[in-house]
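# Examining the three-dimensional arrangement
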Amino acid sequence: MRLALTYNVKDDSNGSGEYPEDHYAEWDDLETIEAVRDALKEKHEEVELIEADLDAYDKLRDLKPELVFNMAEGLTGESREAHIPAILEMLGIPYTGSSPLTLAMTLNKARSKQVLSYFSVPTPKFVVMENEKDFTLFTGNFPAMVKPLFEGSSKGIRNNSLVNSGSEMSEKVAEIIKEYKQPAIVEEFVPGLEFTVAMLGNGDGLKVLPLVEMDFSTLPDGAAHIYSYEAKWIYDTPEKPLEIFTCPADVDTDLRESIEEVCIRAFNVLDVRDWCRTDVRLDEEGVPNIIELNPLPGIIPAPECNSCFPKAARAMGMDYKAIVNTVVESARERYDI
Ligand SMILES: Nc1ncnc2c1ncn2[C@@H]1O[C@H](COP(=O)(O)OP(=O)(O)OP(=O)(O)O)[C@@H](O)[C@H]1O
Ligand SMILES: [Mg+2]
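Residues numbered from 1 in each chain as written. Chains lettered and ligands numbered in written order. Predicted model: local features only at pLDDT ≥ 70, side-chain atom pairs only at ≥ 80, totals over all residues. Heavy atoms only, no water.

## Examining the packing of aromatic side chains
Using the following cut-off: Between 30 and 60 degrees the pair is tilted, below 30 it is stacked and above 60 it is edge-to-face, where a pair is any two Phe, Tyr or Trp rings, Trp via its six-membered ring, whose centres lie within 6.5 Å. Burial classes follow relative accessibility: with a 1.4 Å probe on protein chains only, a residue under 20% of its type's maximum area counts as buried, one over 50% as exposed, and anything between as partly exposed. Strands are runs of DSSP state E lasting at least 2 residues, helices are runs of H or I lasting at least 4, and numbering of each runs from the N terminus.
Following the criterion strictly, the structure yields five aromatic pairs and no others. An angle of 55° between the planes, with centres 5.4 Å apart, marks the rings of Phe138 and Phe142 as tilted. Overall, Phe138 belongs to the buried group, its relative accessible area being 13%. For the pair Trp275 and Phe309, a centre-to-centre distance of 5.7 Å together with 70° between the ring planes defines the contact as edge-to-face. Remark: Phe309 occurs in helix H9 (residues 308-315) and Trp275 occurs in strand S12 (residues 275-282); sequence separation between them is 34 residues. Look at Phe309 and you get buried, because its relative accessible area is 0%.

## Focus: the pairing of strand S7 (residues 184-188)
Which entries qualify depends on this criterion: Two strands qualify as a pair provided DSSP detects at least 2 bridges between them.
When you tally the buried positions in S7, you get four out of five residues, the bulk of the element. Here strand S4 (residues 126-129) pairs with S7 via four bridges, running antiparallel. Bridge pairing links Met129 to Ala184 in S7.

## Looking at the coordination of the magnesium ion (ligand 2)
Between any two of four tetrahedral donors, the ideal angle at the metal is 109.5 degrees; between two of six octahedral donors, it is 90 or 180 degrees. The condition is simple: Counted as donors are N, O and S atoms no farther than 2.8 Å from the metal, or 3.2 Å for Na, K and Ca; water is not among the atoms, and sites may therefore look incomplete.
Surrounding the magnesium ion (ligand 2) are the protein donor atoms Asp279 (OD) and Glu292 (OE), which sit 1.9 to 2.0 Å from the metal. Within this pair, whereas Asp279 is found in strand S12, its partner Glu292 is found in strand S13 (residues 288-294), the two being separated by 13 residues in sequence. Taken as a pair, Asp279 and Glu292 share a single burial class, namely buried.

## A short note on helix H4 (residues 100-107)
For clarity, the threshold we go by: Throughout, a contact is declared for two residues whenever any of their heavy atoms are within 4.5 Å.
Counted residue by residue, H4 has six buried out of eight residues, so it is predominantly covered. Within H4 the residues assigned to the buried category are Pro100, Thr102, Leu103, Met105, Thr106 and Leu107. Tucked inside the fold, the buried residues of H4 contact helix H3 (83-91), helix H5 (109-118) and S13.

## Side note on the packing of helix H1 (residues 30-43) against helix H10 (residues 320-335)
Put simply, the test is: Working convention: axes come from line fits to C-alpha atoms, limited for helices to the stretch in contact. Angles between N-to-C directions cover 0 to 180 degrees. Geometric relationships in this document are graded by angle, where less than 35 degrees denotes roughly parallel, more than 145 denotes roughly antiparallel, 65 to 115 denotes roughly perpendicular, and other angles denote oblique. By convention the crossing between two helices is left-handed if the near helix lies anticlockwise of the far one by an angle smaller than a right angle, and right-handed if it lies clockwise. Side-chain classes follow a simple rule in which Ala, Val, Leu, Ile, Met, Phe, Trp, Tyr, Cys and Pro form the nonpolar group, Asp, Glu, Lys and Arg form the charged group, and the remainder, Gly included, forms the polar group.
Between H1 and H10, the shortest axis-to-axis distance is 9 Å and the interhelical angle comes to 70°. Overall, the two elements H1 and H10 adopt an arrangement that is roughly perpendicular. As H1 runs across H10, the sense of the crossing is right-handed. Where H1 abuts H10, its residues Thr32, Ala35, Val36, Asp38, Ala39, Leu40, Glu42 and Lys43 lie against Tyr320, Lys321, Val324, Asn325 and Val328. Tallied by class, the residues present in the contact of H1 with H10 amount to seven nonpolar, two polar and four charged.

## Quick look at the side chain of Thr106
Stated formally: Polar contact criterion, stated in full: a pair of N or O atoms within 3.5 Å, where within protein one must be able to donate a hydrogen and the other to accept it, and residues adjacent in sequence count only if both atoms are side-chain atoms.
Assignment of secondary structure puts Thr106 in helix H4. We classify Thr106 as buried; its relative accessible area is 6%. A polar contact of 2.8 Å, which involves the side chain of Thr106, links it to the backbone oxygen of Thr102. If we skip the residues at most four places from it in the chain, Thr106 touches Ser112, Leu270, Leu293 and Pro295.

## A look at the domain arrangement of the protein
Which entries qualify depends on this criterion: All the domain ranges listed were derived from an automatic or database domain assignment. Two parts placed together each lose some accessible area under a 1.4 Å probe, and the buried area is that loss summed for both. Counted as salt bridges are all cases of a side-chain nitrogen of Lys or Arg within 4 Å of a carboxyl oxygen of Asp or Glu.
Domain boundaries assigned for the protein yield domain 1 (2-106), domain 2 (125-188) and domain 3 (194-335). Domain 1 and domain 3 are separated by 21 Å when their C-alpha centres are compared. Listed by partner, the interface residues are 30 residues for domain 1 and 24 residues for domain 3. Between domain 1 and domain 3, the buried area comes to about 2300 Å², and carbon and sulfur atoms account for 66% of it. Viewed at the interface, domain 3 and domain 1 are joined by one salt bridge. As a salt-bridge pair, Glu42 and Lys321 come within 3.8 Å of each other at their nearest N and O atoms. Those elements giving two or more residues to the side of domain 1 that touches domain 3 turn out to be H1, strand S3 (67-70) and H4. No other element matches the nine residues that H1 contributes to the side of domain 1 that touches domain 3. Considering only residue class, the side of domain 1 that touches domain 3 consists of 13 nonpolar, nine polar and eight charged.

## Re the pattern of salt bridges
One pass over the structure, following the stated rule, counts 15 salt bridges. Measuring nitrogen to oxygen at the nearest pair gives 3.2 Å for the salt bridge that ties Asp53 to Lys59. Under the relative-accessibility criterion, Asp53 is labelled partly exposed at 27%. Since its relative accessible area comes to 28%, Lys59 is described here as partly exposed. Here Arg277 ties to Asp279 by a salt bridge, and the two come within 3.1 Å at their closest N and O atoms. Side by side, Arg277 and Asp279 carry an identical accessibility label, which is buried. Several salt bridges converge on common partners, so that one network encompasses Glu26, Arg80, Glu151 and Lys155.

Quick look at the structure:
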């Protein structure tokens, strides 16, 4: 089968001063893109790399691959993750992963939470703020979480995202609007254990990988107990990996099953396909709440980088190449190709 791999790459040219330092945090390093290509090459003789830039449409139209492995996070805009799948849909080229609709919905944290709530999938209560004065719209309890409405990779989620008063909230909302040029979503803070849950497959064949549990008590003193930008990219370095993860999670069967069940429901109501990594946190009553879904999950190959999807796979003896090729198999099954 002739495959193509669509991606956005972080390189020296995109560290521009006009954007916040985390602007390209979602994009992949060349090492990750090459690792995915090598995995695909194991099973398919032709794998063409196609950068998801402004020429992507023409390149895909000329090449017409039989299947695209899509890991492109997108160039710009609030629907950026949907752009390559939309192009592929238009060209009639099969691709791995979720549809433009699902990718646009899950990038928008409010829209995806509205869908989850409609289907009674537990998720923290929230309000969207387009102005720093909107903090008066928040009627929940403090502390609260303030995040950019449509970002990932903890962009804009810092220790100061956990706020304890209206004035702290207003300040963080103003920062997000100014730096990230988008509204803020403010959520009730769910304080319990956090898990991130890798999933592979579709329908009856959907598999939940071993749960990754996070223990925030190992973060530096004074750090907010959240998986923030600092926790992901600053406190945690390949030289000194952060010891916050336990995989498989140390939970009893009932809790594990209730977490798995809520993740499967979230996957299905949002029409996610082939793979996903879902963040979950327990509320005061111990009920698993969906924080968000990542239908284009990060898969950094080096274990010391603590990328959670590969970490969960390793815990069940599944190597990196098998993750990538299982995603391809799931997509091929869907298209019957
Ligand atoms: N409502 C909440 N209650 C408790 N903790 C939260 C809440 N929202 C976010 N967090 C914390 O902040 C972290 C980052 O939030 P979130 O997952 O929404 O951001 P993201 O940038 O989309 O993440 P990713 O890197 O997984 O794409 C979560 O992993 C969790 O630790
Ligand atoms: Mg997350």
